[in-house]
Structure formats: structure tokens, C-alpha cells
Amino acid sequence: MRSRILRAILLAVAVTGIALGIPLGYTALRLVDDGARGDLASRARQIAALIDDQIANGRPIDLEPVQVGVPEGGHLVVRSASGVREFGTTPGPDALSVELPIAQQGTVRLEVSSAPMHTAQYQVAALVVLLVVLSVGTGTVVATVTARKLARPLRHVAARAARLGAGDFRRDDRRHDVPELDLVADALDKSAGALAQLVQRERELVGDVSHQLRSRLTALQLRLEALSLHPEPDAATEARAALEQAERLGEVLNEMLAAARAARAVGAEPLDLGAELSAIAEEWREPLRGVGRALRVRVPEGLLARATPARLREAIGVLLDNALRHGEGPVTVSARRDDATVVVEVADGGAGVPDELAHHIFERGVSGGGSTGVGLALARALVDADGGRLELSTARPATFAVFLPVPKAEDVVGVSWRTDLTPR
């Protein structure tokens, strides 16, 4: 986009420079030519008038009084009935000349070299070219600055859209004082809120459906197991066949839920938690410092977890925002390996979560501090989408734990060098 804007402005500047430079140059050359010929004609008229006075008074033509009107290097030729008189040297074939009539059918011819005029024309042409070049150069500088100023908000909006597509639903209050771009930013914020609600509703629906199906299926299996022990052989055989079908249905349900989780976590990848959590912490260190609180990150070197970067950033961001709004004292982000999972904990030194909220803290609309109650529910949905889970491990002080899967061995190949080379 930046290059397109730059090319468009430069094209406009170049067309303007050419459209104005050519007529300006032509006009300047004509002015120099007209000025030189006009000066020569004025001198020739003065000389012709002096010679006419000499002829009118009956005196012979004398060129000495008119020599002062001949330019340096000029050539004067006076033709009359009494003969031809000359002063100066011939300027050559490429000369400017003016010929005027005098009394008694005579003429006065004044010639000068055209070299000074051409020199002046070259100087004027060079000045015009210099002005055009300066105009284009100034336009280039203005175009570069303008393109950079216009491209920066466009890149920010594009990055915001990319983060939204990757699952980062945080609101971005940055605006650029460009009405059209600000409308796009507002639309992206509204879309982020709608998508966050959609993700939360999807998780709740899947969880409810899974729970209800499993409960009903378990009850059905228990009934079928009881019927399989019926003394009637036919009834027992049918019950055992139905029990097998119920078990297969349970396996299909597990496979479908696993496939749904895998589809949601399609963007998950092995992440170096040390680099990821440090980058996330940098975004929140200044807001916490602004209220006199510290943020510490404690992550073992080389600790890897499988997650989607945008979802992890969003989920940890929600926990840090929750600690900023409702907690006290320093905030600690730590990570450790625990059997087949990696645990990321976010803790602060505040009063913690009240008992009446502890069991409902992740429900949508539940909040103890006057907020919307959406953040923690969304964070849990995002972590769940990557195959992990988010829990309140300790109510006092409040400590939230994010359990992330450990990446498979084949997925870890090449992570170390990507982590070293990928800018954060």
C-alpha cells in the first residue's frame, strides 16, 4: 500500500512538473529571443533616425555619431544613393539582424552574433530544469512522508484484522484521526466482541451437549447392562447387542469431540513459553507500573507448550487485566512442567476471589468488580479451543492456572531455531 501511494503521488508530481515545465521553458526561451531582437531593433531605429536627420539637413552620411548605438561585436551596414558604408565586423552566418528603411530609398542593417542570446537561453532552460527537478524532489519528499503517514495506520488496521482472524479478540482503542480507517477500527472492535460471544456460546453449547449426551448414554448403558443379565435368553442377547451399539456410540462421540477440538486448535504450534510470556508481559508491565505494581516472569529456559500464539496472548492478557483491575501487590507469571501438561500460573497479592464467586468466576456475566464478566469466560474458551483448560487454582490470593498440552516430539523439531530467529 505504501509503495502504491508513493507511486501515485510521484506520478502526479511528475505529470505536473512536465505539464508546467515544458510551457514554462518554451515561454522563457521565447522571452529571451524576443528581448534580444527587441533590443537590436530599438538600436537600429535610433541609428536610422540619426542618419535620416543627417540626410534631411543635406549633410553627408557620417557613421561616427551613430557608432555608440552599435552593440559590441556588432556590424552596421548603411545603404544609400551615395553608396554603402559599414562599421564593425561581420558576426558570421548565424546572426541576429534587423533592417530598417531610411530616406532616399536607403536601408540600415544592424547585425550581432546570436551566441549571447543562445547562452542566455541555455541559462534560462537550465534554471527551468532546476526548478522542475526541485519541484519533483520536494514532491518526492512530501510523497514519502505522506505515504508513510498513510501506510502506518493501514498496517495497524491490517494487523488488527489479522489478530482478530487468529483469535485475538481484545479491544483496540487506538485511532488514527482518519474517518474511514476509524470506521474500520470500530467495525473490527464490534466484530471482536461478537466473535468473543460466539466462541463463548460455542464452548458452552459443546460442553452442555457433551455433558447431556454422556449422562444419557451412561444411564442407557447401565440399563442395558442390567437387561443383559435377564434370564430370558433372547432379551439378554438383544440387550448385549444394544449395549455394544451404545459403546460404539460413545466412542463416536469421543472421536467427534476430539476432532472438534483438533479443528479449533488447527493453529496451535509448539511455543517457547519464555519468549512468549516475556513478550506478553511487556505489554502489561507499563500499566502495572503506572499504579505502583511490579510484574515478574519466571519461566524455565526451553520450556515448550502447544498453543495458538494469539489465543495464548489473549488468555494471559485477560488474566493480567483481571489482576490489574481486582488484585493488589506484585503480579507473577510463572510456568512449569507437570506430567503431561505445562502449567502457566498468574498470581497477585490481593484479597483474592470471594467464596460466593469462586465456583462461578468463569460463567459469563459473573463479576465481583463491576466489569462485564466476559473476560474470564472468553479466556477459558480460548484455552479450551487449544486443547487446554483454565482453572482458578487458589482463591486467596487469586491464582489462575492455564494447563497447556505438551507438544509432540515430531512437532518440536526446528522449534529452537525458529524461536531464536523469529523476532518478537
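Structure: above.
Everything numeric in this text was worked out from a predicted model, so none of it was measured. (Residues numbered from 1 in each chain as written. Predicted model: local features only at pLDDT ≥ 70, side-chain atom pairs only at ≥ 80, totals over all residues. Heavy atoms only, no water.)

Enquirer: How would you summarise the overall build of the protein chain if you had to cite specific residues and measurements?
Expert: What the protein chain contains, in helices and strands, is 10 helices and 11 strands. Here the protein chain holds 424 residues, and the buried ones make up 36% of them. Accessible area for the protein chain stands at about 24,400 Å²; split by element, carbon and sulfur atoms hold 58% of it. (Helix = DSSP H or I, 4+ residues; strand = E, 2+ residues; numbered from the N terminus. Buried < 20%, exposed > 50% of the residue type's maximum accessible area, 1.4 Å probe, protein only. Areas by Shrake-Rupley, 256 points an atom, 1.4 Å probe, with all protein chains shown as cover.)

Enquirer: Tell me about the sheet that holds strand β6 (residues 295-298), and name the residues and values.
Expert: The strand order β6-β8-β9-β11-β10 describes an open sheet built from five strands, whose pairing is mixed. Every other strand in the sheet has two partners, leaving β6 and β10 (389-394) as the edge strands with one partner each. Neighbour-to-neighbour, the strand axes of the sheet open up by a mean angle of 20°, direction not taken into account. Judged from the eight bridges that link them, strand β8 (residues 331-338) and strand β9 (residues 341-348) form a sheet pairing that is antiparallel. Looking across to β9, one finds that Arg337 is bridged to Val342. The strands touched by helix α8 (residues 375-385) within the sheet are β10 and β11 (399-405), with β10 carrying the most contacts at an inclination of about 125°. (Pairing = 2+ DSSP bridges. Axes fitted to C-alpha atoms, helices over the stretch in contact; angles between N-to-C directions. Contact = heavy atoms within 4.5 Å.)

Enquirer: Describe the packing of aromatic side chains, listing the residues and the values that go with them.
Expert: This structure, assessed with the given rule, holds one aromatic pair. Seen in terms of ring centroids, Phe362 and Phe400 are 6.0 Å apart; in terms of plane orientation they differ by 80°. Their pairing is edge-to-face. One end of the pair, Phe362, is in the loop between α7 (355-358) and α8; the other, Phe400, is in strand β11, with 38 residues separating them in the sequence. One residue, Arg380, lies across the ring of Phe362, its end atom 4.0 Å from the ring centre. (Phe/Tyr/Trp six-rings, centres within 6.5 Å; stacked < 30°, edge-to-face > 60°. Lys NZ or Arg CZ within 6 Å of the ring centre and 35° of its normal.)

Enquirer: Any chance you could break down a positive patch on the surface for me, citing the residues and the numbers?
Expert: A surface patch of like charges, here positive, comprises Arg148, Lys149, Arg152, Arg155 and Arg174. Tracing the backbone shows Arg148 in helix α2 (residues 115-165). What makes Arg148 partly exposed here is its relative accessible area of 32%. (Patch = residues over 30% accessible without salt bridge, like charges linked within 9 Å, V, L, I, M, F, W, Y side chains within 5 Å. Salt bridge = Lys/Arg side-chain N within 4 Å of Asp/Glu carboxyl O. Lys, Arg positive; Asp, Glu negative; His and termini not counted. Charge placed at Lys NZ, Arg CZ, Asp CG, Glu CD.)

Enquirer: Break down the sheet that holds strand β4 (residues 106-113) for me, with residues and values.
Expert: Read across the open sheet, the four strands follow the order β2-β1-β4-β3; overall the sheet is antiparallel. Edge positions in the sheet fall to β2 (83-88) and β3 (95-102), since each of these pairs with one other strand and no more. Shown here is a sheet whose adjacent strand axes are inclined to one another by a mean of 15°, direction ignored. In this structure, strand β1 (residues 75-80) lies alongside β4, joined through five bridges in antiparallel fashion. Looking at β4, one finds that Leu76 is bridged to Leu110.

Enquirer: Tell me about a negative patch on the surface, residues and numbers included.
Expert: A contiguous patch of negative charge on the surface is contributed by Glu225, Glu244, Glu247, Glu251 and Glu255. Counting residues per element, the negative patch draws most heavily on helix α4 (residues 233-264), which supplies four residues. Structurally, the position occupied by Glu244 is in helix α4. Note on Glu244: relative accessible area 45%, which makes it partly exposed.

Enquirer: Hey, could you go over the pattern of salt bridges for me, with residue numbers and the actual values?
Expert: With the rule as written, the count across this model stands at 13 salt bridges. Notably, a salt bridge pairs Glu345 with Arg336, separated by 3.3 Å at the nearest N-O pair. For Arg336, a relative accessible area of 37% puts it in the partly exposed group. Across the pair Arg380 and Glu391 runs a salt bridge, and its minimum N-O distance is 3.2 Å. Here the residue Arg380 occupies a position in helix α8, and Glu391 occupies one in strand β10, the gap between them amounting to 11 residues. The network of salt bridges with common partners includes Glu99, Arg109 and Glu111.

Enquirer: Got a sec to walk through helix α6 (residues 309-326)? Specific residues and values, please.
Expert: Taking 1.5 Å as the rise per residue, α6 with 18 residues should run 26 Å; its terminal C-alpha atoms sit 26 Å apart, in good agreement. Summarising burial for α6: 13 of the 18 residues are buried, a large majority. (Expected span 1.5 Å × (residues − 1).)

Enquirer: Give me the environment of Pro116: which residues, what numbers.
Expert: By secondary structure assignment, the location of Pro116 is in helix α2. On the accessibility criterion, Pro116 (55% relative accessible area) is exposed. Measuring from C-alpha to C-alpha, the distance between Pro116 and Ala36 comes to 9.0 Å, with 80 residues separating the pair along the chain.

Enquirer: Which residues make up the nonpolar core, and what are the values?
Expert: Counting residues in hydrophobic clusters, the biggest one holds 37 residues, and the most contacted among them are Leu273, Ile316, Leu320 and Val344. Here this core gets seven residues from one element, more than from any other, and that element is α6. With residues near it in sequence (within four places) discarded, Val344 still touches Leu273, Leu277, Ile316, Val333, Ser334, Ala335, Phe400, Ala401, Val402 and Leu404. Core analysis: the second largest hydrophobic core is formed by 21 residues, Ala44, Ile47, Ile55 and Val108 among them. (Core = buried A, V, L, I, M, F, W, Y, C linked by side-chain atoms within 4.5 Å.)

Enquirer: Describe the packing of helix α5 (residues 273-290) against α6, naming the residues involved and giving the relevant values.
Expert: α6 packs onto α5 with a crossing angle of 35° between their chain directions and a minimal axis gap of 10 Å. Seen from above, α5 lies across α6 with right-handed handedness. Here Leu273, Glu276, Leu277, Ile280, Glu283, Trp284, Pro287 and Leu288 of α5 lie close against α6, whose contacting residues are Leu312, Arg313, Ile316, Gly317, Leu320, Asp321 and Leu324. Classifying every residue of the contact of α5 with α6 by side-chain character gives 10 nonpolar, one polar and four charged. (Left-handed = near helix turned anticlockwise from the far one by under 90°. Nonpolar A, V, L, I, M, F, W, Y, C, P; charged D, E, K, R; others polar.)

Enquirer: Summarise a nonpolar patch on the surface; cite the residues concerned and give the values.
Expert: Together, Leu24, Leu127, Leu130, Leu131 and Leu134 make up a nonpolar patch on the protein surface, roughly 460 Å² of accessible area in all. Broken down by element, the residue count for the nonpolar patch peaks at four residues, all from α2. As for its position among the elements, Leu127 is in helix α2.

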